[in-house]
Amino acid sequence: MLNPFFQQGSITEQSLVQDLINEQLRMYGVEIHYIPRRYLTEKTIIKEVIESVFDNAYPIEAYVNSYEGYGDNTSILSKFGIQSTNELSLIISRERFETYITPLISNIPNTKLSFRPKEGDLIYFPLGDRLFEVKYVEHEQPFYQLQKTYVYELKCELFRYEDEIIDTSIEQIDDNIQKEGYIQTLNLVGIGITAEASTSLVSGGVRTIKVTNGGSGYSSSPIIAISTPSPGGLVAIATAILRNDTVSEVQIIRTGYGYTTNPVVTFISGGGKGASAISSISSGGISNILIGNAGAFYTSPPTIGFTTSPGNTAIATAIVSNGSISQIRILDSGSGYVNPPTITIGNPSLTGVGTYIYNEVVVGSISSASAKVRSWDKPYRKLEIATIAGDFKVGEIVVGSQSGAMYRIGDTNNNYDITTPYTDNDNIENEADNILDFTERNPFGIV
Amino acid sequence: MFGYFYHEILRKTVIGFGTLFNEINIKHKKTNGTEISTIKVPLSYGPTQKFLARLEQSPNLNQPVQMTLPRMSFELTGLTYDPARKVSTTQTFNEVDSSDNKVKKVYMPVPYNMIFELSVMTKTNDDMLQIIEQILPYFQPNYNLTIKLISNINEKRDIPIVLDNITMQDTYEGNFTTRRSLIYTLRFTAKTYLFGPLPTDSSGIIKKVTVDSRIGLDNPSRQMRYTVTPKATQDYNNDIATYITEDLSIDDNYVTVSDGSIISANTYITINDESMFVKSKSNTGNKIAVERTQPVLHSSGSAVNLVTTVDNNFIEPDDDFGFNESMSFLDDLKQYSTSLNEDIDL
């Protein structure tokens, strides 16, 4: 017969026991973080979660039930490399979970079952700085003392990581996967692109047009009229540069060819008068300059260099528009060239912008590929990214969504992929280069 | 009895097998098709030294997670002789050994089957099916891999990699304290060849071929003899005969030399490694019409080397060369003795 002086399960008795347990957990426990899983994408039929996000972490006291540690032989070497099989048994207060964590996660989208701790969620265990996955939640131990259960026992094992996003904003938690999973390294360069141009040689082209009188009263650039060359030749084209209301310089756009005498230069309209210039012609000078690659991110006109001529080396100046070189105008077409000179154009700003932040999303400016930042080595401009969607292209700018950082992807040959220290893909590939003969192609990879 | 040799054929076959699977990717997509992530599946040769694995994979002892998935591992699990591909043990073939540029007589290799296991471990079945479906279509049931088994003699062999069977393990049943383990194991047979040591001595190249002809089956004496010997078309002994006195451009077919008297028409000369056929000489003898072979620019003062019969002795395997032919009619009633290497009376 039961003791009649006790109620064997009144709410006050149950609350007393719960309070005593809560107090003990606070005294003897460890502060862990409970990290609920958000289920973003699930497959039907073959039921599996293929996209999970862990972006909330709640500290809660837990008693380490496996007081002897993780057990013996927690690291094993398998054909898939070293596996840590650490297991952990944690006891948390049922009341604390229901009154503290449940209200916080019940309204978070894509979170299943907020009223109890659940399998598949993560536990951050600060002793050892590890992430555990809840394998099983035992809710009936001890068995209905005073007709109620007061704790949950979480049976956990170290998390197996693939490409889940862990972004709780708590550095100690998030950095656990910094070197885990498939990580691609992008070799970045400054955002500028150096322009490229070429030219050819002509005989009897205009070499220079020197202003002898700037005139006055010009409100816009006067038109430059240049007399025609001998039959079969090509007339030169030039443009005037104004300083205040006078002509300061005449720049040649096309030198023409077939001139046997210095052509006459005339200034037409522009609202002013009095400007005059004299021209000279050359043999073995350059013609117009063709821009092969206009470059990008020029903030000022770069220097234009030419191969030295045995006669007179050409001189030119660049016009920059929207960060690119729109035109290269000739100041002196040079003379005495036997072969067309090589044109060397100065570099634009080759620095990047900003500093990428860990875990921020970066997006490719052309490919729209996206990824999350794992690390950023600014001195060497190496950006490690994971959770990569799409293919980043060489030459595009990688933009940080939070930091606003911008750098351009450099040579793809220098890029390399890493996943874990277990990975040997690149070594196998390199060794095979010398011994395999894929006359057509390797259907499985690149050789 | 056995001298040291090691062609690394087994190792090369292991590497060749691994290469097949080193660029497999899996993609995760949302239900609307938007890509979530792409993962290049890590691959490694499974067996390794334990301490090395510990140092490389757990350098700081504390692994924050158990492991990362997916992963693929392969290993060599057996070697068996393949009698179906056996050839005569005395059969040989000749190849040029690049280490000493000599022709070597190589004995036929021994056919061996290498048994490989490729194991794939993934976190989800979705990942596993993606990986397997990218592999299987290429094996019908074999895929031929061309491997340079011996680099010295440039010996390439097609090694069929045969997919024998697939074992699927998905331990999803049981209590919740045991994790699901999803591992597929693919077994392959690589039909490779093992070569013995290469001979150190050269079998040389054939420098002279003589064909004797006779009329009538009962007539033992030869009546006609046809002989072919190699004829050098480039200079080997650097016998500087003269020098060119004007630059020779790419499209120039006339060479001006300081002394053309020692150059004959219908012979070969060499200038800076370019061989030229002398077509004719001018009246003065110092301007020579040539037929260019691989025209390059030659500067004034370059040496002109004569290609003579002396150079015939220096022809190496893989060189380009021509032939000297001679034909003679013989009525001396003799026959050629292969043992004495001379003509003897009947």
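Cut-offs applied
Residues numbered from 1 in each chain as written. Chains lettered and ligands numbered in written order. Predicted model: local features only at pLDDT ≥ 70, side-chain atom pairs only at ≥ 80, totals over all residues. Heavy atoms only, no water. Helix = DSSP H or I, 4+ residues; strand = E, 2+ residues; numbered from the N terminus. Rg over C-alpha atoms; globule rule 2.2 N^0.38 Å. Buried < 20%, exposed > 50% of the residue type's maximum accessible area, 1.4 Å probe, protein only. Contact = heavy atoms within 4.5 Å. Areas by Shrake-Rupley, 256 points an atom, 1.4 Å probe, with all protein chains shown as cover. Buried area = accessible area lost by both parts, 1.4 Å probe. Salt bridge = Lys/Arg side-chain N within 4 Å of Asp/Glu carboxyl O. Polar contact = N/O pair within 3.5 Å; in protein donor to acceptor, adjacent residues only side chain to side chain. Nonpolar A, V, L, I, M, F, W, Y, C, P; charged D, E, K, R; others polar. Pairing = 2+ DSSP bridges. Axes fitted to C-alpha atoms, helices over the stretch in contact; angles between N-to-C directions. Expected span 1.5 Å × (residues − 1). Arc of directions from axis to C-beta. Domains from an automatic or database assignment. Parallel < 35°, antiparallel > 145°, perpendicular 65-115°, else oblique. Phe/Tyr/Trp six-rings, centres within 6.5 Å; stacked < 30°, edge-to-face > 60°. pLDDT = per-residue confidence, 0-100.

## Some remarks on the overall build of chain B
Assigned secondary structure in chain B consists of four helices and 22 strands. In terms of overall size, chain B is more extended than a compact globule, its C-alpha atoms giving a radius of gyration of 33 Å where 346 residues would be expected to give roughly 20 Å. Seen along its three principal axes, the alpha-carbon backbone of chain B occupies a region of about 100 × 65 × 40 Å. A burial count over chain B gives 40% of its 346 residues as buried. Within chain B, counting contacts between residues at least 6 apart in sequence, those at least 24 apart form 66% of the total. As displayed, chain B has an accessible area near 18900 Å², and 52% of this comes from carbon and sulfur atoms.

## Side note on the interface of chain A and chain B
Each partner contributes residues to the interface: chain A has 67 residues there, and chain B has 72 residues. Regarding the contact of chain A and chain B, the summed buried area is about 6400 Å², with carbon and sulfur atoms giving 55% of it. In this assembly, chain A and chain B are joined by seven salt bridges. Residue Asp426(A) pairs with Lys40(B) through a salt bridge whose shortest N-O separation is 3.9 Å. The interface formed by chain A and chain B includes 39 residue pairs in polar contact (both at pLDDT 80 or more). At six residues, helix α4 (residues 425-433) of chain A tops the list of elements feeding residues into the side of chain A that touches chain B. Residue composition of the side of chain A that touches chain B, by class: 25 nonpolar, 18 polar and 24 charged.

## Remarks on the sheet that holds strand β9 (residues 142-150) of chain B
Residue and element names in this part refer to chain B. Ordered by their spatial adjacency, six strands build an open sheet running β3-β5-β8-β11-β10-β9, and the pairing between neighbours is mixed. Only two strands of the sheet have a single neighbouring strand rather than two, namely β3 (43-45) and β9. With direction set aside, neighbouring strand axes in the sheet form an average angle of 30 degrees. Summarising the sheet, strand β5 (residues 71-81) and strand β8 (residues 110-122) pair through ten bridges and their orientation is antiparallel. Directly across from Tyr81, in β8, lies its bridge partner Tyr112. Packed onto the sheet, helix α1 (residues 9-19) meets β3, β5, β8, β9, β10 (155-171) and β11 (181-194) and runs at close to 140 degrees relative to β9.

## A few points about helix α2 (residues 94-105) of chain A
Residue and element names in this part refer to chain A. Its twelve residues give α2 an end-to-end C-alpha distance of 15 Å, which sits within 8% of 16 Å, the value for a rise of 1.5 Å per residue. Buried within α2 are the following residues: Arg96, Phe97, Ile101, Thr102 and Ile105. For α2, the angular spread of the buried residues around the axis is 155 degrees, confining them to a single face. At its buried positions, α2 is contacted by α1 (11-28), β1 (30-35), β4 (58-64) and β7 (87-93).

## Observations regarding the sheet that holds strand β12 (residues 209-213) of chain B
All names here are of chain B. What the three strands build is an open sheet, ordered β12-β13-β20; its pairing is antiparallel. Pairing within the sheet leaves two strands with one partner each, and these edge strands are β12 and β20 (321-329). Ignoring which end each strand starts from, the neighbouring axes of this sheet average 15 degrees apart. Both β12 and strand β13 (residues 224-232) contribute to a ladder of five bridges, which runs antiparallel. Within β13, the residue paired with Thr210 across the bridge is Thr227.

## Quick notes on the pattern of salt bridges
The full count for this structure, using the stated rule, is 33 salt bridges over all chains. Salt bridges sharing partners connect three or more residues here, namely Arg37(A), Glu87(A), Glu133(A), Lys135(A), Glu157(A) and Arg179(B).

## Regarding the domain arrangement of chain A
Residues and elements named next belong to chain A. Entries for chain A in the domain assignment read domain 1 (11-176), domain 2 (184-191 + 351-418) and domain 3 (196-340). In this structure, domain 1 and domain 2 have C-alpha centres spaced 34 Å apart. Every contact between the two is made by seven residues of domain 1 and, on the other side, five residues of domain 2. Carbon and sulfur atoms supply 40% of the area that domain 1 and domain 2 bury against each other, a total of about 450 Å² over both sides. For the pair domain 1 and domain 2, the number of links is five residue pairs in polar contact (both at pLDDT 80 or more).

## Brief notes about the environment of Asn312(A)
Residues and elements named next belong to chain A. Along the chain, Asn312 turns up in the loop between β20 (304-306) and β21 (315-321). Each C-alpha atom of the pair Asn312 and Tyr58 lies 76 Å from the other, and the pair is 254 residues apart in sequence. Those residues in contact with Asn312 that sit more than four places away from it in its chain are Arg207, Gly334, Ser335 and Tyr337. Here the side chain of Asn312 touches Ser335 through a polar contact of 2.8 Å, side chain to side chain.

## Considering the pairing of β4(A)
Residue and element names in this part refer to chain A. For β4, the tally of buried residues reaches five of seven residues, placing the bulk of the element in the interior. As defined by bridge partners, β1 adjoins β4 across five bridges and the pair is classed as antiparallel. Its bridge partner lying in β4, Val30 is registered against Ala62. Here two bridges tie β4 to β7, and the two strands are oriented antiparallel to one another. Bridge pairing in β7 links Val64 to Leu90.

## Quick look at the packing of α1(A) against α2(A)
All names here are of chain A. At a minimum axis separation of 9 Å, α1 and α2 run at an interaxial angle of 85 degrees. By the angle class used here, α1 and α2 are roughly perpendicular. Taken together, the residues of α2 that come into contact with α1 (itself represented by Gln18, Asp19, Asn22 and Arg26) are Arg94, Glu95 and Arg96. Within the contact of α1 with α2, the residues separate by chemical class into no nonpolar, two polar and five charged.

## Re the packing of aromatic side chains
All names here are of chain A. Counted by the stated rule, this structure contains 24 aromatic pairs over all chains. Measuring from ring centre to ring centre gives 4.9 Å for Tyr356 and Trp376, while their planes differ by 85 degrees; the resulting arrangement is edge-to-face. Pair noted here: Tyr356 is in the loop between β23 (343-345) and β24 (361-364) and Trp376 is in strand β25 (residues 370-377), with a separation of 20 residues, a long-range link. A single burial state applies to Tyr356 and to Trp376, both of which are buried.

## A closer look at unusual backbone geometry
Pro70(B) follows Leu69(B) through a cis peptide bond whose omega is 0 degrees. Mapped onto the secondary structure, Pro70(B) falls in the loop between β4 (67-68) and β5. Although it is not a glycine, Leu113(A) sits at a positive phi angle of roughly 45 degrees. As for its position among the elements, Leu113(A) is in the loop between α2 and β8 (122-125). Overall, Leu113(A) belongs to the partly exposed group, its relative accessible area being 39%. A positive phi angle, close to 65 degrees, is found at Ser368(A), a residue other than glycine.

## Here we look at the confidence of the model for chain A
A low pLDDT means the predicted coordinates there should not be read in detail. Residues with a pLDDT of 70 or more make up 95% of chain A, whose mean pLDDT is 88. Within chain A, strand β29 (residues 416-418) of chain A has the poorest average pLDDT of any element, 63, and β8(A) the best, 96.

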